[in-house]
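Secondary and tertiary structure notes
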Amino acid sequence: MVELAVASDAVASDVDQQVIIDIGGMPVLVRNDSPEFLHMLEKRYSGFINPEARADFELDVDLVPPGRITGEEDVAVRYTHGRWIIERGDLRAEWDPGSRRGRIVQSANPYSIDTALRIIHSLTLAAEGGLLIHAASAVRNGRAFLFAGVSGAGKTTISRLAPPDAMLLTDEISYVRRNGTDYVAHGTPFAGELAEPGENIRVPLAGLYFLAKGPRNKVEPLKSSEAARRLLENVLFFAKDPELVALVFESACELVHNVPVHQLTFYPDQRIWELIA
């Protein structure tokens, strides 16, 4: 009886020391012994916490005092000895894609783990034909639409202009998974200027628009070659691994071949959505 009680307490303790962050249908278990840190994660990823999910990945987080952890100024991602190493000044992470387990060293802030999660998701998506894209995305009439462009092109603006019957998936980082020749857009908690997480839903992707501001609203189809070039400029992928880079290139070409792609020049008023959905 005593042994059973101890085992039960241990299980409860493990559960109390973890959260499962479910983004894009890929649940990630994050383990740490700081209730304050886990509560911060629950708040930041509100709507994407799924304690009932079976985790695809597991990450142990070691918290250290604030300060520089590595000498890398920008994000560096490399594969060595069967593990991915992710480094930036504020974090160092190792992730084993075979065991799907990893460890992150960082201070108690949400930004470092946010970066690690994006990179791990991007590495996993690359192998299955999916992409993380610097784009806003929204759902209307049961269909999802992506809006990509350089900074200032209008991703946040078009998100703000969305009509009441549209649901925002993200105003910053779009998550796209492949399903045969079809694609599905998922909501993400990776927010931009709106500072609000998207809806945690998945919807068939119906179109991709590259944004430009202009004096009047206009939609123009893009040739596949131009569409692929523009898409690659907006794909989030930091690893310099030649094999995965080739897969990302192939994924971008396949996406623009199977999903309608247009340039959307717009004047910032709500009438633009009459041309979208």
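Residues numbered from 1 in each chain as written. Predicted model: local features only at pLDDT ≥ 70, side-chain atom pairs only at ≥ 80, totals over all residues. Heavy atoms only, no water.

**What to know about the sheet that holds strand β4 (residues 76-80)**
- Read across the open sheet, the seven strands follow the order β1-β2-β3-β7-β6-β5-β4; overall the sheet is mixed. The sheet terminates laterally at β1 (18-23) and β4, the two strands that pair on one side only. This sheet shows a mean twist of 20° between the axes of neighbouring strands, independent of strand direction.
- Pairing analysis gives six bridges linking strand β6 (residues 91-96) to strand β7 (residues 101-106), with the strands arranged antiparallel. By the bridge assignment, Glu94 is partnered in β7 with Arg103.
- Lying on the sheet, helix α3 (residues 110-126) is in contact with β1, β2 (26-31), β3 (57-63), β4, β5 (83-88), β6 and β7; it crosses β5 at an angle near 145°. (Pairing = 2+ DSSP bridges. Helix = DSSP H or I, 4+ residues; strand = E, 2+ residues; numbered from the N terminus. Axes fitted to C-alpha atoms, helices over the stretch in contact; angles between N-to-C directions. Contact = heavy atoms within 4.5 Å.)

**A look at the pattern of salt bridges**
- Inspection of the entire model under this criterion finds 21 salt bridges.
- Taking the shortest distance from any N to any O, the salt bridge between Asp60 and Arg103 comes out at 4.0 Å. Linking Asp60 in strand β3 with Arg103 in strand β7, this pair joins segments that are 43 residues apart in sequence.
- On the basis of relative accessibility, which here comes to 41%, the residue Arg103 falls in the partly exposed class. (Salt bridge = Lys/Arg side-chain N within 4 Å of Asp/Glu carboxyl O. Buried < 20%, exposed > 50% of the residue type's maximum accessible area, 1.4 Å probe, protein only.)

**Remarks on helix α2 (residues 35-44)**
- Looking at α2, one finds that the buried residues are Phe37, Leu38 and Leu41. Down the axis of α2, the buried side of the element spans an arc of 95°, and every buried residue falls inside it. Within α2, the exposed residues directed more than 90 degrees away from the buried face are Pro35, Glu36, His39 and Lys43. (Arc of directions from axis to C-beta.)

**Let's talk about the pairing of strand β8 (residues 131-140)**
- Of all the 10 residues making up β8, nine are buried; the element is thus mostly covered by neighbouring parts of the structure.
- Alignment of β8 against strand β11 (residues 173-179), held across four bridges, turns out to be antiparallel. Along β11, the bridge assignment pairs Leu131 with Val176.
- Pairing between β8 and strand β9 (residues 143-148): six bridges, direction antiparallel. If you follow Ser137 over to β9, its bridge partner there is Leu146.

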